[in-house]
Each structure stands twice: as structure tokens, then as C-alpha cells.
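# Descriptive analysis of the structure
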Amino acid sequence: MYQILKAERLAEKIFLMDVEAPRVAKTCQPGEFVIVKMDERGERIPLTICDYNRNAGTVTIVFQIVGASTRRMAGLGKGDAFQDFVGPLGQPSEFVKENFDEVKGRKYLFVAGGVGTAPVYPQVKWMREHGIEADVIVGAKTKDLLILEEEMKAVAANLYITTDDGSYGRKGMVTEVIRDLVENQGRQYDICVAIGPMIMMKFVCLLTKELGLPTIVSMNPVMVDGTGMCGACRLSVGGEVKFACVDGPEFDGHLVDFDEAMKRQQIYKTEEGRAMLRLAEGETHHGGCGHCG
Amino acid sequence: MDLLKKVPVREQDAKARAKNFEEVCYGYNAEEAQKEAARCLKCKNAKCMGGCPVSINIPAFIREVEAGDFEAAANVIAEASALPAVCGRVCPQESQCEGQCIRGIKGEPVSIGKLERFVADWSREHGFVPKAAKEKNGRRVAVVGSGPAGLTCAGDLAKMGYEVTIFEALHEPGGVLTYGIPEFRLPKETVVHTEIENVKKLGVKIETDVIIGKSVTIDELMEEEGYEAVFIGSGAGLPKFMGIPGENANGVFSANEYLTRSNLMKAFREDYDTPIAAGKKVAVVGGGNVAMDAARTALRLGAEVYIVYRRSEAELPARVEEVHHAKEEGVEFHLLTNPVEILTDEKGWVTGMVVRKMELGEPDESGRRRPVEIPGSDYTIEVDTVIMSLGTSPNPLISSTTEGLEVNRRKCIVAEAENGQTSRPGVFAGGDAVTGAATVILAMEAGKHGAKGIHEYLSQKA
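Basis of the calculations
Residues numbered from 1 in each chain as written. Chains lettered and ligands numbered in written order. Predicted model: local features only at pLDDT ≥ 70, side-chain atom pairs only at ≥ 80, totals over all residues. Heavy atoms only, no water. Helix = DSSP H or I, 4+ residues; strand = E, 2+ residues; numbered from the N terminus. Rg over C-alpha atoms; globule rule 2.2 N^0.38 Å. Buried < 20%, exposed > 50% of the residue type's maximum accessible area, 1.4 Å probe, protein only. Contact = heavy atoms within 4.5 Å. Lys, Arg positive; Asp, Glu negative; His and termini not counted. Charge placed at Lys NZ, Arg CZ, Asp CG, Glu CD. Patch = residues over 30% accessible without salt bridge, like charges linked within 9 Å, V, L, I, M, F, W, Y side chains within 5 Å. Areas by Shrake-Rupley, 256 points an atom, 1.4 Å probe, with all protein chains shown as cover. Salt bridge = Lys/Arg side-chain N within 4 Å of Asp/Glu carboxyl O. Buried area = accessible area lost by both parts, 1.4 Å probe. Polar contact = N/O pair within 3.5 Å; in protein donor to acceptor, adjacent residues only side chain to side chain. Nonpolar A, V, L, I, M, F, W, Y, C, P; charged D, E, K, R; others polar. Domains from an automatic or database assignment.

A few words now on the overall build of chain B. Helix and strand counts for chain B come out as 18 helices and 16 strands. Taking 462 residues into account, the globule formula puts the C-alpha radius of gyration at 23 Å, and chain B, at 23 Å, falls close to it. The principal-axis extents of the C-alpha atoms in chain B amount to approximately 65 × 60 × 50 Å. By residue count, 59% of the 462 residues in chain B fall in the buried class. Long-range contacts, defined as pairs at least 24 residues apart, comprise 69% of the intrachain contacts of chain B with a sequence gap of at least 6. Taken together, the 55 basic and 68 acidic charged side chains of chain B have centroids lying 4 Å from each other.

Turning our eyes to something else, we now look at a nonpolar patch on the surface. All names here are of chain A. Together, Ile 199, Phe 203 and Leu 206 give the surface a local cluster of nonpolar side chains, amounting to about 290 Å² of exposed area. You can see Leu 206 is positioned in helix α8 (residues 198-211). Classification of Leu 206 by relative accessible area gives partly exposed; the value is 48%.

With that settled, consider the interface of chain B and chain A. The interface of chain B with chain A comprises 47 residues on the first partner and 47 residues on the second. A buried area of about 3,800 Å², summed over both sides, lies between chain B and chain A, and 49% of it is on carbon and sulfur atoms. By the criterion of area lost to chain A, the three top residues of chain B are Lys214(B), Asn248(B) and Asp273(B), representing 20% of everything that side buries. Its salt-bridge partner being Arg23(A), residue Glu225(B) comes within 2.8 Å of it at the nearest N-O pair. At the surface where chain B touches chain A, the tally comes to 24 residue pairs in polar contact (both at pLDDT 80 or more). Elements supplying a minimum of two residues to the side of chain B that touches chain A: β5 (238-239), β6 (252-254) and α13 (255-264) of chain B. It is α13(B) that provides the largest number of residues to the side of chain B that touches chain A, a total of four residues. Split by residue class, the side of chain B that touches chain A holds 19 nonpolar, twelve polar and 16 charged.

So, on to the environment of Arg369(B). All names here are of chain B. Positionally, Arg 369 belongs in strand β12 (residues 369-373). Relative accessible area serves as the criterion here: at 41%, Arg 369 is assigned to the partly exposed category. For the pair formed by Arg 369 and Glu 359, sequence separation is ten residues and the distance between their alpha carbons is 9.2 Å. Those residues in contact with Arg 369 that lie beyond four places of it in its chain are Arg 311, Leu 360, Gly 361, Glu 362 and Pro 363. A distance of 3.0 Å separates a polar atom in the side chain of Arg 369 from the backbone oxygen of Leu 360. At a separation of 3.0 Å, a polar atom in the side chain of Arg 369 contacts the main-chain carbonyl oxygen of Gly 361.

The subject of this paragraph is the domain arrangement of chain A. Residues and elements named next belong to chain A. One can read the domain layout of chain A as domain 1 (2-89), domain 2 (100-218) and domain 3 (221-293). Across the boundary between the two partners, domain 2 contributes 15 residues, which contact 13 residues of domain 3. Here domain 2 meets domain 3 over a buried area of about 1,100 Å², counting both sides, of which 65% is carbon and sulfur. The three residues of domain 2 that bury the most area against domain 3 are Met 198, Lys 202 and Val 217, which together make up 48% of that side's buried surface. Our enumeration of links across domain 2 and domain 3 arrives at one salt bridge. Linking domain 2 to domain 3 there are six residue pairs in polar contact (both at pLDDT 80 or more). For the side of domain 2 that touches domain 3, the secondary-structure elements that each account for two or more residues are α8 and β13 (215-218). It is α8 that contributes the most residues to the side of domain 2 that touches domain 3, seven residues altogether. Split by residue class, the side of domain 2 that touches domain 3 holds nine nonpolar, four polar and two charged.

Here is the structure:
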């Protein structure tokens, strides 16, 4: 069992937890992810690593309620435990593996959307710890859904916040901020790292292609085992089939077939919906309403 | 009774079982087992033993069954095998022990597999526990993977007194026994779980949720965690796809995904969270045991199911019994047929599969007649789900993170057959990780050889 040492609600439907997982905490790197399974009946849920403490042996995860298992997970608190917590999975971010002098010579722009702010954070933190200044754009639907603002402020060179409805920071999409920084403010970036909903990453990539700015994205498709076994997470990158779990999750965003990836994300939507309904309404729902047979 | 024929084994009715996940075969009861055991000729030079990869003393255990001393029979089997209830169910006996049986020259061979299963099931029901080593020797060995190879290797080493820890990447031990082979062929709780518990009772520890090569490397196990030798039995888990248009459509799954969802995650049960897209009309591409398992699972989830295989019935790699069961249950076979494209609607969901008729040409390097396309023979099968069951290959995670570990061009670890020795001193390997996808019993044989190899290596090193 993997003890939960801290549990916090960051926003509606978004939760943060510190989990005791010494093996993962010892070796994990920015860009990698974990899979958690709450209990015997739970799903295996892939989650990005938001932070880690090697000495304390803890890993910080952030998740959003999307299906039956994440909804039940949200009910866990300090002192509870996950039955399974496995990782690290996937490949670390490129800059971790690359020649440090080259990385140091580059100007990075990080773009985070929604709950995607969580996996961006350890990357920016890594930059700060290695003496590299990086700019960060964080986008959220509305002020209440903005997460990790203070944490991000502490590690970013410049932090730009934008909300779809203008309730906090700028008003508008992250793409508008990118365009503004590059075209109006004359900022020069060598690499963009964009992590968020697929639709956001798609539009960021369309823009950065136009701007000639190489862009890395982190894909979060449907997954079961996370070790390359099932192929549920396959996607097309530059016309080749890749598995997000072992080949990624980070890929060259200009080569990813987002339209296909977004269609594939829908595969279990109705199935998950059914499981959630069962959880919310129990057996009373089935046949109870007289409409669904 | 007719001595030329096996005592028939009772099975669940085909129509009924096509709708549930209960075990298909009921196995022998004591009376039937003793009757079948009496058919054994107890040959002095027992050919059947030569056909068994783990060399169970077959005439000896059958003699005990006939005499009604089932515990003695269990002891005979336990000397050679840690997983008799599994092997009695999933071994291809027809090409191994039973294929060598002298009784089989004229008439049917002795039903050795069903007798092994009876002894194992009787032992479980009567609380038989294998004997652990009297003294531990204090030397630590790590085993990577808790499938048939790893469990066998670990069990043998524990019996010799080693302190063995198995590292398993998934949340449940058992490897293919747990995620791959379905409940109706190999019950998880009663059979798999019990035999794994028996291995643990020999003193073996199992640590789940550890991915060797990611969570910790082989080198770290040996240098930092005090393991003197490592056995890699990580299997062949990577699915293959055909590379045809439409293969990434919604509704196309690897057999691994489909079976993992159903078997490991128990998606077939309402009370588990993991979803499975059961499908209404399902095409399973391939002709092996895994294809049969996927087809029969889809059938039980309520689908109409077709097997699409490019050669003819004679070349089907699946066991005869599995093909027979699949047909009985209502799986339809499209033989000499090969997919060329998967059709989709505008939302990316599968609507059909274009297939091409094949004919058999000259034998290829595998000795089977090569399928050749018949031009202009394409037609479309209307399906909403396609399950690709084209075989699997080893995961490169361990070989790519262990310096000096030699692999061949198929990414299989290179290891000596007789002792599992790899190119790295102290590192041994066996099972599908070495051979590519094969059978449970061959993996168990490799696990045995690995245990012997490790014992020899550590005895010399001492």
C-alpha cells in the first residue's frame, strides 16, 4: 500500500496528493508519469508526476475527476492509501538527457493548460534548479480552475496567466499570449513545451509551426498497463505508430496526428460515463427511471 | 469400458458456457481419475516423461492415482512442477506427454493432462502444501517477472534454500496466467492464485508494481540491493500490428489490450471500474491460442465473433481443443482470409474490414505452406470491432537499460538453453523473453534450467 501523506483540493474536480512511494521518488525525472490503482476494483490511471522529494520518498500527483475511478480517488484523504502506485513510466523530457551546455544555451517557453499545469511544473522547476530561466504561460477556463500559481511563480522567469473568460490575468487563449510574446514583444524562443488538453496542444502546434518554433507536447491517451503491453495508447507521429507509454509521453508536436488522437480519446467515453452513473446512482438507476430499460 | 478410449471429461454445455465466464472443463472426479489411471501401461522406459519439458515422473504419479493415494501423487508432481493445476489445464499435451504415450499408438493416449489437473485440484481442496527448504542459505536472488518462467525459477531456488524475491511490473502476479489466459480456461482465484500462494509458501517474496529497467535497474539490484544473481523472465509482452490502413481506428484493439481489460482488470464484471468495448460484431485476426481466447471472450461479452486467419485449418497454431471449443461455442472461422484495410465512419469508429482470399503455396521456412493472395478476391466483412492477435515480442525495457546484455535482432535476450546464462555474469534469462512468444510449459522448463544455472554459478562463486 502507498500512504497518502497530504491531500488537497486545488480547484473544482482537481486534487493534489503527496504519496509515499520510495522507489518512484528515487528515480523519477521530469516528463515521466506514474500509474495508480486505488483498490481492487479501480482502474489503472496514468497520472503525470507534479513533484517529488527524493529524501522523503514521496511523489506529488495531481488529477482531475474524469471517470468512475478518479471520482472515487477524490474521496481519499491523508492517512488513506493507494493499493498500487507504479513508476516511473515513459521517457524523461529530452532536456534531461541532452548535453547540458546545449540545453543551457536555449530559451524555453512552457505553455500549460488546465490540469496540464501539474506536469509542466517539475520541468520549470528543473530549469530553475539548473540555472536556466524559462518563461511560462498558464491558461485556465476561469480563475477558480487555475492551479499551482504560487508554485509556478517561484520557479518561472516570467509567468503569464490567461483565462478564457478573463476572470483572472489576461483574457483569452494561450495561443494569443504566445503570439503576443513572439510578434509584439519580440521574445525569441528556441523551444516550446506545451502540455494541456489535446485541443490546446493542437492549436499551440498549429501556431508554433507558423512561427517556426519547435514544440514538444506530452500526450495523455487511453492507457491500461503503461509498459508497452496493450497498445491502447498508440498514436501516429510523423506517419509512424508510437506508443505514448514507452516511446513518449513527449513527442514532437509538429508531427503528432492530433485529430486521430482526439478521436481515440473518445473510445471509452460512453463506457466511462456508464460506470460513473452506476457509481453515482447505484443499482437504483438500472430500470428505476423507466426510460433506459 | 473401452480401453482404447479416454474416460470422457465432463464439460459445461457449449450454449450455456458461451454466455458465462465459468470454467469450460469440469475435470475428473476421483472415480473417473482412477479409471483413467488404470489405462496407463506404466512403461519401464516411459516415453511420456521425455515429452514433458519439466520431466514429471508421469508413470509414478499415475500409479499413485490408480492406488487412490492422491497426496503421494501430488508429492511426485511437486518434485518437478510448481504449477500443476495450471499445466493440467493449458499445456499442449497432445504434442508433449500424450503425444509420446504408447497407449496412443493404437487408440487414444492416457489423458495425462486431465490426471495432472485432478491431482492438483484434489491437493488444493485438501489443503496440500508443498514442502519448503529446511534451511535458508542466506543468499539472495532476484527474479524479474512472475509468469510461469519466473515462478518456476523462484520456486526451485527457494527449495534449494535461496532467498528469492520476484519483481512484477503489474499489480497482480502471474504474468500471462493472470492478464492473458481467460477465466473460463484458467480460473484466477481458485487455480492461479492458489499456485502462486504455494510458491510463496516455499519462502518466495513477490514485490508487485516494480518495473525493472525503470523503477530500479538490474545493476542496482546487484550492486545496491544485495542480489547475487538475477533471472529475467519478463516474457514477450509487446503486441504486433499489421500496418494496414485504419488500424488506429476506434474499435481496433490488440488481443493483449482486450484480454488484459477482461482478465487482469476484470472489465467483464459490472462491479469493476475498467471499461471494455465489447463489440457487437467482432473480427479476431490470427489463429493462435491467444486469438481463440480473445474470440471466446468477445463471445461471452455478447458479440458475434469471426476468426480471420490467412492459412487453412490445418495450420492453425492454436491447440486442437481450443479450436474445437471455439467452434462449439459459435465462433465462425474465415480461413484463408487476410485483412487488407479497416473501414471507419467520420468519427473514427470501425464499420467494416476489407479482406482478401488466400490460397496455399509452397512451404515457407516454418515448414507451413505459404499463403498467397488471390487477386480480385476482396470482400468486406461488416464488423464494429477488430482484435489483432498476431503474436507478441519481448519488451526492450530491460535489455536497453542493462549494459552488456546481448539481444538478437528480434530483441530477444540471448541465453544458453541448458542454464539460462546470458552475456552478463550473474544474469540469467529464460521463457518468452529469450525465445519469443511460446507456451507456459516451455517457459517453466526455462525457469527450471535458469534455477539450475544460478545454483551452479553461485556454488562456484561461493
